[in-house]
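# Architecture and fold: a report
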Amino acid sequence: MSKRRVVVTGMGIISPVGNDLATAWKNVVEGNSGIGPVSEFDASAYATKIAGEVRGFDPVEAYFAGSDANDDEKRSIGKDFKRMDPFIHYGIVAGTHAFRQSGLKITDENAGRVGIAAGAGIGGLHTIEATAIELRDKGPRKVSPFYVPSSIINMVAGNLSIYHGMKGPNIALVSACTTAAHNIGMAMRLIQYGDADAMLAGGAEFATTPTAMAGFCSAKAMSTRNDDPTHASRPWDTGRDGFLLSNGAGMLMLEEYEFAKARGATILAELIGFGMSGDAYHITAPSGDGAELAMRNALHDAGLKPEDVQYVNAHGTSTPVGDLGEAKAIRNVFGDHATQKGKFAVSSTKSVTGHLLGAAGGVEAIFSILAIRDGIIPPTMNLENVDPEVEALGMDLVPNKAEKADIQVVMSNSFGFGGTNGTLVFRRA
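These numbers come from a predicted model, not from an experiment.

The subject of this paragraph is the pattern of salt bridges. Side-chain pairs of opposite charge can arise where the charged atoms are in close proximity. This structure, assessed with the given rule, holds 23 salt bridges. Of the charged contacts, one joins Arg234 and Glu384 as a salt bridge, the two residues approaching to 3.1 Å between their closest N and O atoms. Placement of the pair is Arg234 in the loop between helix H8 (210-218) and strand E7 (248-256) and Glu384 in the loop between strand E11 (376-377) and helix H14 (388-391), with a sequence separation of 150 residues. Residue classification places Arg234 among the buried residues on the basis of a relative accessible area of 4%. As a salt-bridge pair, Glu255 and Arg263 come within 2.4 Å of each other at their nearest N and O atoms. On the basis of relative accessibility, which here comes to 0%, the residue Glu255 falls in the buried class. Taken together, the shared-partner salt bridges in this structure form one network comprising Lys3, Arg189 and Asp301.

All right, on to the side chain of Lys350 then. Mapped onto the elements, Lys350 comes out in helix H12 (residues 350-353). On the basis of relative accessible area, Lys350 is assigned to the buried category, the value being 0%. Ignoring sequence-local partners within four residues, the contact set of Lys350 consists of Ser233, Ala314, His315, Gly316, Thr317, His355, Ala360 and Glu364.

Another aspect to go through is the sheet that holds strand E4 (residues 114-119). Across the sheet, which stays open at both edges, the ten strands sit in the order E5-E4-E6-E7-E1-E8-E14-E13-E9-E10 with mixed pairing between neighbours. Each edge of the sheet is formed by a strand with only one pairing partner; in this case those strands are strand E5 (170-171) and strand E10 (345-347). Bridge count between strand E1 (residues 6-14) and E7: eight bridges; the pairing is antiparallel. Considered in E7, the bridge of Val7 is made with Glu255. Lying on the sheet, helix H4 (residues 86-102) is in contact with E1, strand E6 (198-205) and E7; it crosses E1 at an angle near 135°.

Next up on the list: the packing of helix H1 (residues 21-30) against helix H13 (residues 360-374). Between H1 and H13, whose axes approach to 11 Å, the crossing angle comes to 80°. When the interaxial angle is binned, H1 and H13 end up roughly perpendicular. Taking contact as the criterion, the partners of Leu21, Ala24, Trp25 and Val28 in H1 are, on H13, Ile366, Phe367, Leu370, Ala371, Arg373 and Asp374. Looking at side-chain class alone, the contact of H1 with H13 contains eight nonpolar, no polar and two charged residues.

Secondary-structure assignment places Ala291 in helix H10 (residues 289-302). C-alpha separation for the pair Ala291 and Met276, spaced 15 residues apart in sequence, amounts to 8.7 Å.

In this section: the pairing of strand E14 (residues 420-427). Strand residues, when the strand is regular, have side chains that alternate between the two faces of the sheet. In terms of burial, E14 is a largely internal element, seven of the eight residues being buried. With eight bridges connecting them, strand E8 (residues 269-278) and E14 associate as antiparallel partners. When the sheet's bridge partners are listed, Leu271 is paired in E14 with Phe426. Relative to E14, strand E13 (residues 409-416) is paired through eight bridges, and the arrangement is antiparallel. When the bridges of E14 are listed, Phe415 appears paired with Asn421. Between E13 and E14, which pair antiparallel in sequence order, lie three residues; one of them, Gly418, sits at a positive phi of approximately 90°.

What follows deals with the side chain of Glu364. On the secondary structure map, Glu364 appears in helix H13. Residues within four places of Glu364 in sequence aside, it is in contact with Asn313, Ala314, Thr349, Lys350, Ser412 and Asn413.

How each quantity is defined
Residues numbered from 1 in each chain as written. Predicted model: local features only at pLDDT ≥ 70, side-chain atom pairs only at ≥ 80, totals over all residues. Heavy atoms only, no water. Salt bridge = Lys/Arg side-chain N within 4 Å of Asp/Glu carboxyl O. Helix = DSSP H or I, 4+ residues; strand = E, 2+ residues; numbered from the N terminus. Buried < 20%, exposed > 50% of the residue type's maximum accessible area, 1.4 Å probe, protein only. Contact = heavy atoms within 4.5 Å. Pairing = 2+ DSSP bridges. Axes fitted to C-alpha atoms, helices over the stretch in contact; angles between N-to-C directions. Parallel < 35°, antiparallel > 145°, perpendicular 65-115°, else oblique. Nonpolar A, V, L, I, M, F, W, Y, C, P; charged D, E, K, R; others polar.

Structure representation (structure tokens):
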């Protein structure tokens, strides 16, 4: 059985740099950082006091943006949303925007062929923390009956299915910071092998909570450049000192090519490759070998040679070990092609978004597709002094200013704790 072709027909984003595609992309291309002081709670006692929060977001208004909903519909959704963790809000809204952009209409005939694959790296910590305090202070009878469904990870997928009548495969893969990439890749597989004709896919996260921030601070994983938040995320720079925790969601509407074509859908890009691997090395430190294997597997799946790729949107979190390991892995995979300026470039959009954990792969897939659309490689901001070991590899890291390029094929990397790796490959439609 030959694999069916999979295309992207819709995208939705909630992020520190914007809550719609145009705003987020403009800020990424212009290098406008979304990192600032933590406002969700008092972080004054924390080593890291900055993060990439979602701002100006009203979930009900965002959900109905551009629709002709009446007040009763808004009240109904508003009542539902009060029972949900913020990560579910982000995922529902981003997924709904992707679905609406696609123009796909759910009918009795196609409902069972349209599904969802959407997860989170951590899930409803905000709700879990608040409920644990309430249990301690007020006892078990005061715990909300909606506690579990308001916090478990699969409720982005579950609620999107309910709201839009999608009865096809409904899954929520969880693989730390590779979550969104794995959900997109597995949704691709479900379409390729005939289990579905269309899938909403991606990830969401709301992780700037007291316990999550405290845990990452204790692990010394995050930047402590608190007095200069917009310059704190600096992939491949000698001054990098950790990642910045961020919130948001990135969702794609994927469809089988003939299914999309038959209904006259606008095709934004084709998803042609997906690769996975495991480091089998360490729970937090990457090996580099796993990253290399995921990229090679994605190229093999896409039927491409290394020289067919023009741009890699790197995982690039701004950690000392991770950035170097990924850079070496990219150089190993792409060989001399990786040093051909004007033909190949690598950049990290986390330099302005921070790290959205389980949502990162979805958000970065969107930026990869927009790079193809506009012929623009987004910059790696705050790259002032390149790590000498990275510089010796000879790659164009697109420092501090976007570059014009003829982009036909883009690779997007996501790597997570536990050594879980995922790579997606997109091609111009």
